[in-house]
Amino acid sequence: MFSTRGLPSRTALPSFLRLPDVLATNTVRTTTSLPRRSVTDHLLANSRSRFNAHQRTASHFAFRDHFNSNPLLGCKKDSGLIMNRLQRRVVSMWPSGRKSDWQKALSDAEKVVGYPTSFMSLRYLLSDELSNVAMHLRKLVGTKHPILKTARGFVYDGNNSMQTRGLLVLLVSKAAGPGGEWEEEEEEEGEGEDSNGRTMVSGIYRSQRSLAEITEMIHTAYLMHRGVVNLEEVTSADGTVGDMSFGNKMAVLSGDFLLANACTGLAQLRNTKVVEIVSSAIADMMEGSFLLEQDNQGVTFLPDKDWTIKDWTNHSFLCSGSLIAKSCQAAMMLAGHRLDIQKKAYNYGKHMALAHRLHADLLPFSDSSDPNMPFALTSAPMVLHMEHAGRAAVTDKITQVSDKAMKVDYKQLRLEVLKGPAVHAAKELCYDHSQKALAAVTVFQESEAKSALENMTRAVTRF
Amino acid sequence: MSHYYFDGQGKAFRPMVVLLMSRACNFHHGAAENSLALPSQRRISMIAEMIHTASLVHDDVIDEADTRRGKACVSYLHGQRKAILTGDYILTVSSMALAAIGNKDVVILLSQVIEDLVRGEFMQLGTKEDEDERFAHYLKKTFKKTASLLAHSCRAVAVLSGSSKDVQEVAYQYGKNLGIAFQLVDDMLDFMSTEELMGKPTAADLKLGLATAPVLFAAEKYPELNAMIMRRFSEPGDVELAREAVTKTDSLQQARILAEQYCREAVRQIQQLAPSPEREALVTLTQKVLNRKK
């Protein structure tokens, strides 16, 4: 969701982990546009990149030669990589000046929380289980199984775009500061892990750091599981059924593995309310993914019935807002904050997620470099466009190729949407959500963490 | 979709064990006049079945099975992606229910089960080179995939009954031993039973490249099986040869003896509780597990 490739520190990676040139151009551009860092920041960045590189070297050892020589990466015209292209596009679409708004907000935010934001701690990535998966994944290179995309996301996006959720949780934790009163029962058993959970590092409880990590794991597991393909719909262009089915196995297992770890991690927080609320966020995500049909490459179909912006909001909340909002609230619970503060944190997470989602949905409409570039038919501007011009205005541009495949005249469609009021309305909505998010954080006292939250919120409304 | 398997057609073996164990523990703990299962214990039994069902849904995708409990499985009907998300949904609903009980230790116990299930599935992917190690690997995998759920949920109800650490351990050991025996019998039935009875295809393990106890025993007599185990019965004719070898040797008998040993251990453990009708039922259950046909 949050695409933020290429912080400067990432360029210090060993050569085999560096982006291929096609992808790396963006990185270079950003680097130059970022402000110079102080010496301490530099040190921090260095140690962080060493840590990250370490992490990746070890666990993705098996990937590396394959991904570097992967024919798919260089093959831009490949329709199977639509989503991948979209993602890459998203990055290149940010003109360097504007991109740095979000980038800067993010890198400042990382400094505030103290640690590098690599939550996927070594013990998970280095576990036998995941390196096993990595080894098996080599067999799939050359097919179009979505799990490769997810795995590539790890290697190339670094831990960035994947881990903004955790960052938000940490920032909210820090902004809220130390909690008031502990619950009585927590005090009673205050030994061992519990007392660990109460230690604060750079103003964040250890339990809150675990929670941030868990949030990331849940999200990644969701990405993996959403990438399971329906074998019935596999076409010969995707790869053989055997390969795809094997890819499914890997996707299911690694997703399950992350979910299971998230479960045990949650249990160890020793707070059943937190377990309940975070579980309900997972349930929301699953529910959300049943609202819209997708094909094997993750392209969503137009829903059968008319969709209003309300449906869109509901769906987006279930799919991405719920996890962030509920994790933020859970972080407050862990620190023992009052209910009204919990509610504010929840609202911040919810509106921030929605605003960011709108921002991402709007990107295809602010770029003119490739008029044929596909975009989601269920994105906010499209839904607003249909509300305005009627469903037929969109369905006219779609030719059904078969039951599960369609062709869309994206060029024409984009032009029409741009002519109507939908883009403006979507921007308004984005602004609206970010205002609500800002209003929610006013409850916190002024602090670095608070202004980092505010900066991130403002950054998503700049187009 | 998530209601699909909860139609009362399953054996409901796990909830039954858990409920009986709750009552046995309550009785042992001194609630002689009212040993009925507590609402929280009932909930554990439901959660146990939900976790089991969620794992079935995922297993069916991994194993590419098309029938389960005598009907088409979810992944076959609705496509794999939805099946997986449904499995996740069931799992998270169960963990919400678990959290609602409000006992931290119980939450930790049952989340251990989920982790074990996944680790068991990963263990199933690999085969150990060494023959001695292979059997240990098999037993460990069996514990994680089947017995862990029973063992931990039995311990959870013991915790909820307010029993002492000793009683909790008894409940855990009973569940563990019964679970392993259950799976051993399951693996035997894969060779003996017919498709209609089981509600799932037979000789399925071999086709998936898995060497279960009967095959491992047979390999002691027919060393050529070892090569097949290593290549996971991938060459044509391997499955048939292995089946034949199993029927020619007394490996099924050996597997049965092993299962009996586990059952005896389960009985020995449960005898430590105060005598009650439920305790007797749990003892009888071990015999039922041994003699089951489906």
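Computed from a prediction, not measured in an experiment: that's the story for all the values here.

Peer 1: So what exactly am I meant to see when it comes to the overall build of chain A here?
Peer 2: From N to C terminus, chain A includes 22 helices and four strands. Among the 463 residues that make up chain A, the fraction classed as buried is 60%. In chain A, of all internal contacts separated by at least 6 residues, the share reaching a separation of at least 24 is 80%. Of the roughly 18,500 Å² of accessible surface on chain A, a fraction of 53% belongs to carbon and sulfur atoms.

Peer 1: Just checking my understanding: could you explain the overall build of chain B for this structure?
Peer 2: Along its length, chain B carries 14 helices and two strands. Split into buried and exposed, the 294 residues of chain B put 59% on the buried side. Only carbon and sulfur atoms are counted for the fraction: they give 53% of the accessible area of chain B, which is about 12,000 Å².

Peer 1: In this structure, what is going on with the interface of chain A and chain B? I would like to understand it.
Peer 2: How big an interface is tends to be reported as the loss of accessible area on association of its parts. Across the boundary between the two partners, chain A contributes 45 residues, which contact 35 residues of chain B. Interface of chain A and chain B: buried area, both sides summed, is about 3,700 Å²; carbon and sulfur atoms make up 66% of it. If you sort the residues of chain A by the area they bury against chain B, L253(A), R270(A) and F290(A) come out on top, with a joint share of 16%. The partner of D105(B) in a salt bridge is R270(A), with the nearest N and O atoms 3.3 Å apart. Looking at the side of chain A that touches chain B, the elements with two or more residues in it are α8 (128-137), α11 (184-188), α13 (206-226), α14 (241-268) and α15 (272-289) of chain A. Of the residues assigned to the side of chain A that touches chain B, the class counts are 17 nonpolar, 15 polar and 13 charged.

Peer 1: It is not clear to me how the side chain of S316(A) should be interpreted in this structure. Could you clarify?
Peer 2: All names here are of chain A. Following the sequence through the fold, S316 ends up in helix α16 (residues 309-335). Classification of S316 by relative accessible area gives buried; the value is 0%. Discounting residues that sit within four places of it in the chain, S316 has contacts with G321, L354 and R357.

Peer 1: Looking at this structure, how should I read helix α7 (residues 165-192) of chain B?
Peer 2: It helps to recall that an α-helix has 3.6 residues per turn; residues three or four apart then point in one direction. Spanning 28 residues, α7(B) covers 40 Å between terminal C-alpha atoms, matching the ideal 40 Å at 1.5 Å per step. The element α7(B) is largely enclosed, with a buried count of 23 among its 28 residues.

Peer 1: Where do I start with unusual backbone geometry in this structure?
Peer 2: Backbone phi values are negative for most residues with the exception of glycine, while trans is the configuration of most peptide bonds. Even without being glycine, R270(A) reaches a positive phi, approximately 55°. Of note, R270(A) is situated in the loop between α14 and α15.

Peer 1: Before we go on, may I ask you to explain a negative patch on the surface in this structure?
Peer 2: All names here are of chain B. A contiguous patch of negative charge, built from D130, E131, D132, E133 and E220, is present on the exposed surface. With three residues, helix α6 (residues 131-160) is the largest single contributor of residues to the negative patch. Topologically, E133 is positioned in helix α6.

Peer 1: Would you explain the packing of aromatic side chains in this entry?
Peer 2: All names here are of chain B. For the structure on display, the rule yields five aromatic pairs over all chains. On the numbers, 5.8 Å between centres and 50° between planes, the contact of F135 with Y138 is tilted. Here the residue F135 and the residue Y138 both occupy positions in helix α6, the gap between them amounting to three residues, near one helical turn. Taken together, F135, Y138 and F217 form an aromatic cluster joined through their ring pairs. Against the face of F143 rests K176, its NZ or CZ located 5.6 Å from the ring centre.

Peer 1: It is not clear to me how the pattern of salt bridges should be interpreted in this structure. Could you clarify?
Peer 2: Side chains bearing opposite charge may pair, as long as their charged atoms lie close to each other. Residues and elements named next belong to chain B. By the definition in use, this model includes 17 salt bridges over all chains. Measuring nitrogen to oxygen at the nearest pair gives 3.2 Å for the salt bridge that ties E278 to R23. Of this pair, E278 sits in helix α14 (residues 277-291) while R23 sits in helix α1 (residues 13-28), and the two are 255 residues apart along the sequence. Under the relative-accessibility criterion, R23 is labelled partly exposed at 28%. Among the charged side chains, a network of salt bridges with common partners joins D59, E121 and K145.

Peer 1: Is there a simple way to think about the environment of G179(B) in this case?
Peer 2: Residues and elements named next belong to chain B. Position of G179 among the secondary structure elements: in helix α7. Classification of G179 as buried rests on a relative accessible area of 0%. On a C-alpha basis, the gap between G179 and T142 in space is 8.4 Å, while along the polypeptide they are 37 residues apart. Those residues in contact with G179, other than ones at most four positions away along the chain, are T146, A147 and L150.

Peer 1: What exactly am I supposed to notice about the environment of T164(A) here?
Peer 2: For T164(A), the location among the structural elements is in helix α10 (residues 164-176). Separated by 160 residues in sequence, T164(A) and I324(A) have C-alpha atoms that sit 9.7 Å apart.

Peer 1: I would appreciate a short explanation of the nonpolar core in the present structure.
Peer 2: The nonpolar side chains of a soluble globular protein tend to be buried, and buried together. Ranked by size, the top nonpolar core spans 149 residues in total, and within it M456(A) and I44(B) carry the most contacts. Residues within four places of I44(B) in sequence aside, it is in contact with V18(B), L98(B), I101(B), V106(B), L110(B), S153(B), A156(B), V157(B) and L160(B).

Peer 1: Where do I start with the packing of α15(A) against helix α4 (residues 80-101) of chain B in this structure?
Peer 2: Between two packed helices, what matters for the description is the angle formed by their axes and the separation of those axes. Relative orientation of the contacting elements α15(A) and α4(B) amounts to 155°, with a least axis distance of 8 Å. Relative to α4(B), the element α15(A) lies roughly antiparallel. The chirality of how α15(A) crosses α4(B) is left-handed. Here α15(A) contributes T272(A), V275(A), E276(A), S279(A), S280(A), I282(A), A283(A), M286(A), E287(A) and S289(A) to the contact with α4(B), which in turn contributes L85(B), D88(B), Y89(B), T92(B), S95(B), M96(B), A99(B) and A100(B). Residue composition of the contact of α15(A) with α4(B), grouped by class: nine nonpolar, six polar and three charged.

Basis of the calculations
- Residue numbers here run from 1 along each chain, matching the order of that chain's written sequence.
- Whichever chain is written first becomes A and whichever ligand is written first becomes 1, with later ones labelled in order.
- pLDDT decides what is reported in this predicted model: residues at 70 or higher carry local features, side-chain atom pairs at 80 or more are listed and counted, and totals for whole chains, interfaces and linings draw on all residues regardless.
- Computation of side-chain values covers all heavy atoms of the structure but excludes hydrogens and water.
- Runs of H or I in DSSP of at least four residues are treated as helices and runs of E of at least two as strands, each being numbered from the N terminus.
- Think of it in three bands: residues with accessible area under 20% of the maximum for their type are buried, residues over 50% are exposed, and the middle band is partly exposed, with areas taken using a 1.4 Å probe on protein chains only.
- Contacts are residue-level and defined by heavy atoms, with any inter-residue pair within 4.5 Å sufficient.
- Values of accessible area rely on a 1.4 Å probe in the Shrake-Rupley scheme; residue burial ignores everything except the protein chains shown.
- In this description, buried area is defined as the sum, over both parts, of the accessible area (probe of 1.4 Å) that is lost when the two are combined.
- Criterion for a salt bridge: a side-chain nitrogen of Lys or Arg within 4 Å of a carboxyl oxygen of Asp or Glu.
- Think of it as three bins: nonpolar holds Ala, Val, Leu, Ile, Met, Phe, Trp, Tyr, Cys and Pro, charged holds Asp, Glu, Lys and Arg, and polar takes everything else, Gly as well.
- The span one expects for a helix is its residue count, reduced by one, times 1.5 Å.
- Any residue with relative accessible area above 30% and no salt bridge may belong to a patch, with like charges joined within 9 Å and the nonpolar Val, Leu, Ile, Met, Phe, Trp and Tyr side chains within 5 Å.
- Charge counting treats Lys and Arg as positive and Asp and Glu as negative, with His and both chain ends excluded.
- By convention, the charge on Lys lies at NZ, on Arg at CZ, on Asp at CG and on Glu at CD.
- Pairing of aromatic rings covers Phe, Tyr and Trp, the last counted by its six-membered ring, and requires centre-to-centre distances within 6.5 Å; plane angles under 30 degrees mean stacked, over 60 mean edge-to-face, and any other angle means tilted.
- Throughout this description, the term charge over a ring refers to an Arg CZ or Lys NZ atom that lies within 6 Å of the ring centre and within 35 degrees of the ring normal.
- Among buried residues, those of type Ala, Val, Leu, Ile, Met, Phe, Trp, Tyr and Cys that are joined through side-chain atoms within 4.5 Å constitute a nonpolar core.
- Helix axes are fitted to C-alpha atoms over the stretch in contact, other axes to C-alpha atoms as well, and angles between N-to-C directions run from 0 to 180 degrees.
- Each angle is binned into one of four classes, with values under 35 degrees roughly parallel, values over 145 roughly antiparallel, values of 65 to 115 roughly perpendicular, and all other values oblique.
- Each helix crossing is assigned a hand: it is left-handed if the near helix lies turned anticlockwise from the far helix by less than a right angle, otherwise right-handed if that turn is clockwise.

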